[in-house]
Amino acid sequence: MTTTHPTRVNAVVIGGGYAGLLAASMISRYDVDVLVLAGHGTPAGIDGALPSAPPGQVLHIGGIYDVQDLVYGSVAELRARGAKESPLPVRGSVIERPQLDGPPLWGPTRLLSCSQELLSSVLREIVPANPGHGRDTLLWDDAVAVGFIGDKEEVRGVRVRLGGDVVHEVNADLIVDASGTDSLTPSWLAGLGHSIVSVSTATAGAWTSRLYRAPADCADVSVTAVADGARSAVLVPIENDVWAVSQTAPAGEELTDGGLFEKAALALSDPRVGELIGTADPLSEVDCPAAVDPRWRRYDKAKTWPRRLVVLGDACATFAPGHASGPQAAEAAVRALRSALAEGGISHPTLALRAQRGIAKEIARLWPRPMLARQPAPKHRLLAQLMGRARTGAGRFLAARTP
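What comes next concerns the included structure. (Residues numbered from 1 in each chain as written. Predicted model: local features only at pLDDT ≥ 70, side-chain atom pairs only at ≥ 80, totals over all residues. Heavy atoms only, no water.)

### Topic: the packing of helix α1 (residues 18–28) against helix α8 (residues 325–342)
Part 1 of the argument: At their nearest, the axes of α1 and α8 sit 9 Å apart, and the two run at 25° to each other. As summarised for this structure, α1 and α8 are arranged roughly parallel, according to the angle between their axes. Two packed elements cross with a definite hand, and for α1 against α8 that hand is right-handed. Taking contact as the criterion, the partners of Tyr18, Ala19, Leu22, Ala23, Met26 and Ile27 in α1 are, on α8, Pro327, Ala330, Glu331, Val334, Leu337, Arg338 and Leu341. (Axes fitted to C-alpha atoms, helices over the stretch in contact; angles between N-to-C directions. Helix = DSSP H or I, 4+ residues; strand = E, 2+ residues; numbered from the N terminus. Parallel < 35°, antiparallel > 145°, perpendicular 65-115°, else oblique. Left-handed = near helix turned anticlockwise from the far one by under 90°. Contact = heavy atoms within 4.5 Å.)

### Thoughts on the pattern of salt bridges
Part 1 of the argument: According to the stated counting rule, one finds 18 salt bridges in the structure shown.
Part 2 of the argument: Linking Asp69 and Arg335 is a salt bridge whose minimum nitrogen-to-oxygen distance equals 2.5 Å. Highlighted residues: Asp69 in helix α2 (residues 64–70) and Arg335 in helix α8, separated in sequence by 266 residues.
Part 3 of the argument: Relative accessible area serves as the criterion here: at 24%, Asp69 is assigned to the partly exposed category.
Part 4 of the argument: Given a relative accessible area of 11%, Arg335 falls into the buried group.
Part 5 of the argument: A salt bridge links Asp151 to Arg156; the nearest nitrogen and oxygen atoms lie 3.1 Å apart.
Part 6 of the argument: Each of the salt bridges in this network shares a partner with another, and the network as a whole consists of Asp151, Glu154, Arg156, Arg307 and Arg308. (Salt bridge = Lys/Arg side-chain N within 4 Å of Asp/Glu carboxyl O. Buried < 20%, exposed > 50% of the residue type's maximum accessible area, 1.4 Å probe, protein only.)

### Some words on the sheet that holds strand β12 (residues 224–228)
Part 1 of the argument: An order of β12-β13-β14-β11-β15 is seen for the five strands of this open sheet, with the pairing classed as antiparallel. Edge positions in the open sheet fall to β12 and β15 (281–282), since each of these has one partner strand only.
Part 2 of the argument: Alignment of strand β11 (residues 208–213) against β15, held across two bridges, turns out to be antiparallel. From the neighbouring strand, Tyr212 faces β15, where its bridge partner is Pro282.
Part 3 of the argument: Relative to the sheet, helix α6 (residues 258–266) contacts β11, β14 (242–248) and β15, its axis offset from that of β11 by approximately 90°. (Pairing = 2+ DSSP bridges.)

### Here we look at the environment of Ser347
Part 1 of the argument: Considering the arrangement of structural elements, one finds Ser347 in the loop between α8 and α9 (351–366).
Part 2 of the argument: The exposure class assigned to Ser347 is exposed, which follows from its relative accessible area of 56%.
Part 3 of the argument: For the pair Ser347 and Asp173, spaced 174 residues apart in the sequence, the C-alpha separation amounts to 6.1 Å.

### A word on the packing of aromatic side chains
Part 1 of the argument: What the rule picks out here adds up to four aromatic pairs.
Part 2 of the argument: Plain terms: the ring middles of Phe148 and Trp188 are 5.0 Å apart, the flat faces sit at 75° to each other, and that makes the pair edge-to-face. Taken as a pair, Phe148 in strand β7 (residues 144–150) and Trp188 in helix α5 (residues 185–191) lie far apart in primary sequence, 40 residues in all. For the pair formed by Phe148 and Trp188, the shared burial category is buried.
Part 3 of the argument: A network of ring pairs unites the aromatic residues Trp296, Phe319 and Trp367 as a single cluster.
Part 4 of the argument: Positioned above the aromatic ring of Trp296, the side-chain terminus of Arg298 is 3.6 Å from the ring centre. (Phe/Tyr/Trp six-rings, centres within 6.5 Å; stacked < 30°, edge-to-face > 60°. Lys NZ or Arg CZ within 6 Å of the ring centre and 35° of its normal.)

### Some thoughts on the sheet that holds strand β18 (residues 317–318)
Part 1 of the argument: With respect to topology, three strands assemble into an open sheet ordered β10-β16-β18, the strand pairing being antiparallel. The open sheet is flanked by β10 (199–201) and β18, the only strands paired with a single partner.

### Describing the environment of Arg161
Part 1 of the argument: Mapped onto the fold, Arg161 is located in strand β8 (residues 155–161).
Part 2 of the argument: Remark: the alpha-carbon pair of Arg161 and Val146, spanning 15 residues in sequence, is separated by 6.5 Å.
Part 3 of the argument: When sequence neighbours within four positions are dropped, the list of residues in contact with Arg161 reads Asp142, Ala143, Val144, Val146, Val166 and Val167.

As structure tokens, this is what we get:
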């Protein structure tokens, strides 16, 4: 790329959040130039451009090699900057990794936890610095996608607002929408003549969260998770000696202040989390955000699909705070795109369709299933549900990879 604002690149990624940066890192390995449109044009989901998060929305927890697999060198840098490690099974649970039907899923042997701010900072440094040999990966922080260039058969590029009313057109062989919950792809596709895609929804749970300063004698505490039916508590250590604690409670019961929050943790059959936070100093008020129901845009079932366009992350499936699967789905989607690229390269005419179908298979593994009344969750799903309910309550959680 020889100009500040090129008119053509190999690949454009819409969205500079977790999913977008993972996609850019992976695509660059195929010896192509990548442009990331990281502007804050609309309120972002967890996979879109990252605005300042409220105190309770700061965490990322996942397998050590989940991020390393797609962004080489990220784990070493996260460790160097204070990210914490925890073993599996998690302290306070008896979770064992089960043998699952179907192809194996990428799964962690140790958990890595850090703030979303730290994760974003590290990825934004590493991804542009490590493109394919002789290629460039550019991040345009001032750029917002405002529409597609193309027709019903293929999307050939993106119209980009660079500030003010200036609109710049960028053509590309591959366009990846990772813009987050408020993706405008449905309306842009309708403008190209495609029918509206169906949407699957699920019911979300409720959660509350709070940040604490860890006591000096508890610096080695690892991820701790306990649950009693609808009640649960998860403690996750992050950098700078901070704990993020999240809890769930039955519908209608709100843990709105610190006293109720800590009393509820102590009332669990295993009071470990309550005892730990009882020795710590609160760093924030209790965060009680409104629940958001999961939403899956079924692009894989569209009657027609244009060449060159792939949608992933929250732009495709938005997972509610009640589930651990948002970042997991982003990682799995990028791997599905990687598999599709490996079968024919960036210019293959069926790349987008194959990738979108592969992404749908990964989302299906993670999509929340309704629980039957009085039927307890299998033990191997407890941690995933527990962390999922806490994922954006205490932060953006990635649980051990279970369906």
